[in-house]
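A closer look at the structure
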Amino acid sequence: MRRQRPESRGLRLVRPAERHGHLDQELHRGLSRHPDHLHPFRYTPSGSGGGVSDFVRGLTAFSGSDTALKQTEVEQSRSVCQGGGRGINLPMLGSPVALVHNLPGVDGLVLDAPAIAKIYAGKITRWNDAAIRELNPDVDLPATSIQALHRSSASGVNQTLSRYLSATAGPDDWPYTPGADWLAPGGLGVQTSSAVVDQLKQVDGSIGYVELTYAISGGLDTVSLRTGAARPVEPTMDSAAQGIAASREVGTGKDLAIDLDYTTSAEGAYPLLLITYEIVCDKGNLPGTLGALKSFLTYTAGEEGQRAVRDMGYAPLPAELAARVRETVRTIA
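This write-up is about the structure you can find in this document. (Residues numbered from 1 in each chain as written. Predicted model: local features only at pLDDT ≥ 70, side-chain atom pairs only at ≥ 80, totals over all residues. Heavy atoms only, no water.)

**Topic: the state of the cysteines**
Operational definition: Two cysteine sulfurs form a disulfide in these notes if their separation is within 2.5 Å. The way it works is that DSSP assigns letters per residue, a run of H or I at least four long becomes a helix, a run of E at least two long becomes a strand, and they are numbered from the N terminus. Exposure classes here rest on a 1.4 Å probe applied to the protein chains alone. A residue is buried below 20% of its type maximum, exposed above 50%, and partly exposed in between.
Here the structure, examined in full by the defined rule, presents 1 disulfide. Note on cysteine connectivity: Cys81 is disulfide-linked to Cys281, with sulfurs 2.0 Å apart. Looking down the S-S bond of the Cys81 and Cys281 bridge, the torsion is -75°, so its handedness is left-handed. Of this pair, Cys81 sits in the loop between helix 3 (71-77) and strand 4 (87-101) while Cys281 sits in strand 13 (residues 273-281), and the two are 200 residues apart along the sequence. According to the relative accessible area criterion, Cys281 is buried, its value standing at 0%.

Written out as structure tokens, the structure is:
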């Protein structure tokens, strides 16, 4: 039996709690200037998994997630997207995941996927290891012990780094199944990205991984990646946008899901990133909130919204992809 979603006077905005509070506020301010702004939004920070779960149960008009809907979730969404509709993934921004370190006196550190994998698998334990020296021939590396920090809680950054290492480091160096839970042994687990920043600042020789916004706000030194391009690639908004451009769309119909190419060697393309999707019904959205939903999504994928994305340290979509998102939003019903 098809379940009916309760009508609501407002759109319930569900976004990953840790990353998007400031982003949502900025987008809401922009949306408030639009004549199509019909309803207030309620921001519910339940995390990517919670947002998807609420969406497929019909508890929210749309959701945000750092992973695209699984096929099982698409099938679940058919029970809440009326008139034969289904949930679709609309990419809205990218977020570079930066490796950050505390090595006083060391600038411009370069690592590749095998070296990162060996550090996090406990096979490289000192900063002057031969593999790291080979990648940094002009850097005076100390013999300091490496303290590898990882997220102990399930997170999108865990999933991003583990997917990257699985795709690029090889099974001997990284035999662990990618996922939101960190499976590699050793190192020090901390609960949040903010805790990674705090811990890293306190421990000489430490390395961690956080979204670039945390690295920038924390004043942390970042690692450039040796990807096979002519030059190592730094984590920036521009290099992440190039990483998105080097990937391919795998969605069908109105679904615009992206398969990130973690192995890209394109010049200037940073491959260690995640995509944030807005998840909506392609048709069968609630009439009472459809106008506000389309206004919000159009703004987010538009020039003004994408500038706001960049201003806050996230990677805007390539222009072609943003245009396809706007066209898709125009057709949802």
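**A look at the pattern of salt bridges**
Pairing between side chains becomes possible if they bear opposite charge and their charged atoms approach one another. The line we're drawing: Any carboxyl oxygen of Asp or Glu that lies within 4 Å of a side-chain nitrogen of Lys or Arg is treated as forming a salt bridge with it.
Using the criterion set out here, one finds 8 salt bridges in the structure. With its nearest N and O atoms 2.8 Å apart, the salt bridge here joins Arg57 to Asp54. In this structure, the salt-bridge partner of Arg324 is Glu320, at a minimum N-O distance of 3.7 Å. With Arg324 and Glu320 both in helix 12 (residues 319-331) and 4 residues apart, the pair spans about one turn of that helix. A residue is classified by how much of its surface remains accessible, and Glu320, at 62% relative accessible area, is exposed. Through salt bridges that share partners, Glu249, Glu320 and Arg324 make up one connected network.

**As for the environment of Leu317**
We apply this condition: We call two residues in contact when some of their heavy atoms are within 4.5 Å.
Along the chain, Leu317 turns up in the loop between helix 11 (303-311) and helix 12. For Leu317, a relative accessible area of 8% gives the class buried. Spatially, the C-alpha atoms of Leu317 and Ala240 are 9.4 Å apart, while their sequence positions differ by 77 residues. Not counting chain neighbours up to four residues away, the residues in contact with Leu317 comprise Pro91, Met92, Leu93, Gln306, Ala322 and Val325.

**Brief notes about the side chain of Asn102**
For clarity, the threshold we go by: Residues adjacent in sequence count toward polar contacts only when both atoms are side-chain atoms; beyond that, a polar contact is any pair of N or O atoms within 3.5 Å, and within protein one must be able to donate a hydrogen and the other to accept it.
Here Asn102 shows up in the loop between strand 4 and strand 5 (110-112). Accessibility expressed as a relative area gives 13% for Asn102, which makes it buried. A distance of 2.9 Å separates the side chain of Asn102 from the backbone oxygen of Leu200, its partner in a polar contact. Dropping the residues within four chain positions of it, Asn102 is found in contact with Leu200, Lys201, Gln202, Val203, Asp204, Gly205 and Ser206.

**A closer look at helix 9 (residues 237-245)**
Within helix 9, burial applies to Met237, Ser239, Ala240, Ala241, Gly243 and Ile244. On its buried face, helix 9 is in contact with strand 4, helix 8 (212-218), strand 12 (258-259), strand 13, helix 11 and helix 12.

Function cannot be read off these values alone, since they describe shape.
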